[in-house]
Amino acid sequence: MCRLLLLLLLEHALSQTLQTINIMFINEAKNQLAEMSFDVVLNYLKKNPKLGVKVEAAVRVSISGTDAKAILESICEAYNGTVSDGKPPHLVLDSTMNNVPSEAVKTFTDALALPTISSSFGQEGDLRQWKTLDNEKQKYLIQINPPADIIPEIVKSIVQLQNITNAGILYDDSFEMEYKYKSLLINMATRHIIVHVHNADSIENQLMRFRNLDIVNFFILGGLSTIKMALDTASKKQYFGKKFAWHVITQDKGQLSCSCSNATILYVKPEPEPGMKERLDGLRNSFNLVEEPEITSAFYFDFFLHSILAIKNLLDEDDWPKDFNYTLCDDYRADREIVRKEIDLMKNLRLVSEPYSYAPFLLERNGNSFPEFVMKLEKVTIVNSQSESAESMGTWKAGLISPIILKDATAMNNFSAVTVYRVVTVKQKPFVIEYEEDGRKKYKGYCIDLIDEIKTLVGFDYEIYVAPDNQFGNMDENGNWNGMIKELVDKRAEIALGSLAVMAERENVIDFTVPYYDLVGITILMKKQTTATSLFKFLTVLENDVWLCILAAYFFTSFLMWVFDRWSPYSYQNNREKYKDDEEKREFNLKECLWFCMTSLTPQGGGEAPKNLSGRLVAATWWLFGFIIIASYTANLAAFLTVSRLDQPIESLDDLAKQYKIQYAPLNGSVAMTYFQRMANIEKRFYEIWKDMSLNDSLSEVERAKLAVWDYPVSDKYTKMWQAMKEAKLPNTLEEALDRVRQSKSSSEGFAFLGDATDIRYQQLVNCEFQMVGDEFSRKPYAIAVQQGSPLKDQFNNAILQLLNKRKLEKLKEKWWSENPERQKCEKQDDQSDGISIHNIGGVFIVIFVGIGLACITLGFEYWWYKYKRPADGGGGPMVVKPTIGGGRNVEKLSVTGLADFGHHTTFRSRNTHNSNMRRGNLSHIPTSQW
């Protein structure tokens, strides 16, 4: 009985020391977490009388909707009721979140100067109704940011740490990001989008939108269920890999899960202060503070408890105004501002000694007061829907400008998304060359080396593919594009790489970097002019039939001359006495006749002519024949060797347009085709304009006379050329065009290809059959193309200018042109000013060597014949005949070495003379010894 009495006395004593406080609690209907936490605080105060607080009246106002007038009316009604009941609020606790409800409450409390502590969202400058509070008002009108308003700031820290250039941020209802749209990544070079999502469909739509906008760094802020939906959708869309980076940020506690086959994710979640875990567990177990997210429940608990205790301190210290007047809403006048100068609620809030349950509050000023909790960063690897590892990487202490503290400075180097751009290209040697290695298609060339150099400077990776139609890009009549331009316009590629010419119509839909290559135009490719060469070309001057006839005439004339000399009584061999005193004595046997006819065709001449008239007539006839043949041969040889030089080659576009033997055309759909087509259309339009002017009936006689000309005033050069091209049929591929050029009969008949000068120059470089003709026209620079408005333009511009200053572009040009491994060493084309080459006249030297060879063989045969086949002199050696006084001849034997040997002499008469005298029947001249 005594014990019970003591307890009653103790309770009565405590009730005498409890500070009675009236509270006005204003909350949004959707913020159930704050409502439940407020109930836990009231229960906590009841069960902990040692705190010395008794909440006598707790008026609750629940707000729903966005009608500011209705909200103010409901607040004023509740407030006026407390004043009428004699229990006006010492403190207004505002747990509205943002927008109209929050601003309505702030308008109410500011106008009536009611001590208020708010947990609404928004940093300094975001609270429109409290934006201009003076120092006195800021002492009793206080805002403390909830965790959901501070946690998104870690996105800024991650972006700064990783130097991220693009970000897609999704959040659910557990976060309020409306104030963050402009301020979260302000003054940062990061292209970003912040979107609120409700369900799986909205998540899928937004992720696809991010990819279409080339965003590869994803941030998901929400509950674990929302995060799972987002990751599952990403897995289905195959948005994992080195090209993507995933950051999931939550207020929940628990493990990350998703139906991902292979994903690496940066998982950020809150972690209570180690010294406060015991208190948090006690609140959870004893007071049922179990609502999730735990960090938010704990925040509202600490927020309400410390706010009430601050008012209690204020009342205990007699700092509460004695003459505190409560103005009713109906009595408020805007021209009479109410200011409470005696109330310093912020000071007393800082003096509260009650421990926090999750993290201490940083209390500075409105917009910069918040709980200083810690977020833990983990690198989670999920394989086949199972979390394989969760590596702790560091921590982040809540703050508006707070860095991430990493355990290892390089921990996140390999975590950020590798920027991978999709590069579309066109196969064109030597700019882009496709080849296979280990069964995979790879690319090399000038442009590949260029993009690799830029990649090193800018810092990215790329995936390259060939445009579906392997075209650079042209616009049709409906304004639709094809080729690489279409890939950029349709957002399927970020970069168009190749020998892409800068054109005005292309710049309307895409952006070009600064040029990386010289001005390149259109030029002409033709088959190289070649002249057939032959060492024995001098023999081809006359046809084979003519040569046979000349040979037959030679043998026939030689034979006829021998016959005439043999049977003519006036020939030398038949009438020696008559011609015995002549200095030149020549017996025309068959061998001599053959020799005479041969030498008669040479400038040396045939020597002594036959003595008989008939023989001389044959010789004269042969001389005349030979003169005509030689003169004809000489004239035709000169003409034959130079006739190919008389052809006038095509040297310009004008030359090509004026002739009709050579067909010409560009590639179908190429820039060259567009050029000629447009030039023809321009000529047609100019003609129509001139015709309309000439036929205008409103012109005066003087004006009409000025338009009267004899010559056609508008050129139709390109109109005729375009018509000729259509008749020649435009080739569809470069290979087709080259085949048509290759099949040309000559450089003056066949097909000429009009195309890009680099294509033509390369074909001339690797193929000796082709030649580039004429100067370039319609010259344009080459540049890299990017999507319109892409930040890559400026980055690539800087990189290209750096490469230009370092002369890297010149080295690339030298590598792929001058030092190209496929370059052919072609023979120099004969110039018209050059003489006759050895290839055409070298046969005459062969004739000399053949003649000398035959002479050497003959000499050997002669020596053998006279040494071994004529042994009649007994010595078997060669003999030298000398005339003797008696009309005979001395025959001296010669040694093999050519020295005379006088050991044996023989005298004989000429058998020819003897035979001649016998034929004439005169034997008197023959000595008896010769009979």
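Residues numbered from 1 in each chain as written. Predicted model: local features only at pLDDT ≥ 70, side-chain atom pairs only at ≥ 80, totals over all residues. Heavy atoms only, no water.

Caption draft 1: Broad picture of the overall build of the protein. A count of helical and extended segments in the protein gives 29 helices and 30 strands. Expressed as a percentage of the 931 residues in the protein, the buried residues total 44%. Taking the intrachain contacts of the protein between residues at least 6 apart in sequence as the baseline, contacts between residues at least 24 apart amount to 71%. Approximately 49700 Å² of the protein is accessible, and the part contributed by carbon and sulfur atoms is 53%. (Helix = DSSP H or I, 4+ residues; strand = E, 2+ residues; numbered from the N terminus. Buried < 20%, exposed > 50% of the residue type's maximum accessible area, 1.4 Å probe, protein only. Contact = heavy atoms within 4.5 Å. Areas by Shrake-Rupley, 256 points an atom, 1.4 Å probe, with all protein chains shown as cover.)

Caption draft 2: The environment of Arg350, seen in detail. Its place among the elements puts Arg350 in helix H12 (residues 345-351). Among the polar contacts made by the side chain of Arg350, one reaches the main-chain carbonyl oxygen of Glu364 at a distance of 3.2 Å. (Polar contact = N/O pair within 3.5 Å; in protein donor to acceptor, adjacent residues only side chain to side chain.)

Caption draft 3: Quick look at helix H26 (residues 808-818). Of the residues making up H26, those classed as buried are Leu809, Leu812, Trp816 and Trp817. Buried residues in H26, looked at end-on, bunch into an arc of 110°, giving them a common side. (Arc of directions from axis to C-beta.)

Caption draft 4: Summary view of the packing of helix H16 (residues 544-567) against helix H17 (residues 590-599). One way to put it is that H16 packs onto H17 with a least axis distance of 8 Å and a crossing angle of 130°. Between H16 and H17, the angle falls in the class oblique. H16 and H17 meet at a crossing whose hand is right-handed. Contacts between H16 and H17 involve Tyr554, Phe555, Thr557, Ser558, Phe559, Met561 and Trp562 from the former and Leu590, Cys593, Leu594, Phe596, Cys597 and Met598 from the latter. (Axes fitted to C-alpha atoms, helices over the stretch in contact; angles between N-to-C directions. Parallel < 35°, antiparallel > 145°, perpendicular 65-115°, else oblique. Left-handed = near helix turned anticlockwise from the far one by under 90°.)

Caption draft 5: Highlighting the sheet that holds strand E7 (residues 191-196). Spatial strand order, E7-E6-E8-E9-E10-E13-E14-E15: eight strands in an open sheet with mixed pairing. Looking at strand neighbours, the two that pair on one side only are E7 and strand E15 (404-406), the edges of this open sheet. Between one strand axis and the next, the sheet turns by 25° as a mean value, whatever way the strands run. As paired elements, strand E13 (residues 374-383) and strand E14 (residues 386-397) share ten bridges and run antiparallel to each other. In the sheet register, Thr381 faces E14, and the bridge partner there is Ser389. Relative to the sheet, helix H8 (residues 200-212) contacts strand E6 (166-171), E7, strand E8 (217-221) and strand E9 (245-249), its axis offset from that of E6 by approximately 170°. This element, helix H9 (residues 224-236), spans E8, E9 and strand E10 (262-271) of the sheet and lies at about 165° to E9. (Pairing = 2+ DSSP bridges.)

Caption draft 6: Representation of the packing of aromatic side chains in the model. All told, the structure shown has 47 aromatic pairs when counted by the stated rule. Ring centres of Tyr675 and Phe777 lie 5.7 Å apart, and the angle between their planes is 45°; this geometry places the pair in the tilted category. Taken together, the residues Tyr675 in helix H20 (residues 671-694) and Phe777 in strand E25 (residues 770-782) connect sequence positions 102 residues apart. Residue Phe777 is classed as buried on the basis of its relative accessible area of 15%. Taken together through their ring pairs, the aromatic side chains of Phe25, Phe38, Phe299, Tyr300, Phe303, Phe304, Tyr356 and Phe361 make up a single cluster. Over the ring of Tyr435 we find Lys444; its NZ or CZ atom is 5.3 Å from the centre of that ring. (Phe/Tyr/Trp six-rings, centres within 6.5 Å; stacked < 30°, edge-to-face > 60°. Lys NZ or Arg CZ within 6 Å of the ring centre and 35° of its normal.)

Caption draft 7: How the structure looks around the pairing of E10. Burial within E10 is extensive, with seven of its ten residues counted as buried. Pairing of E9 with E10, which is carried by four bridges, proceeds in the parallel orientation. By the bridge assignment, Val248 is partnered in E10 with Tyr267. In this structure, E10 lies alongside E13, joined through ten bridges in antiparallel fashion. When the sheet's bridge partners are listed, Glu271 is paired in E13 with Val374.

Caption draft 8: Spotlight on the packing of H20 against helix H22 (residues 717-728). The contact between H20 and H22 brings their axes to 8 Å, and the two run at 130°. Accordingly, the angle class assigned to the pair H20 and H22 is oblique. Between H20 and H22 the crossing geometry is left-handed. Along its contact with H20, which presents Met673, Tyr675, Phe676, Gln677, Met679, Ala680 and Glu683, the element H22 presents Lys717, Tyr718, Thr719, Met721, Trp722 and Met725. Each residue belonging to the contact of H20 with H22 can be placed in one class, and the counts come to nine nonpolar, two polar and two charged. (Nonpolar A, V, L, I, M, F, W, Y, C, P; charged D, E, K, R; others polar.)

Caption draft 9: Main features of the sheet that holds strand E26 (residues 785-787). Strand order in the open sheet formed by five strands is E19-E16-E20-E26-E21, and the pairing between neighbours is mixed. Of all the strands in the sheet, the pair left with one neighbour each is strand E19 (461-466) and strand E21 (510-512). Taking the axes of each pair of neighbouring strands and ignoring which way they run, one obtains an average angle of 30° across the sheet. For strand E16 (residues 420-425) and strand E20 (residues 495-497), the ladder comprises three bridges, and the chain directions are parallel. Residue pairing in the sheet places Val424 in a bridge with Ala496 of E20.

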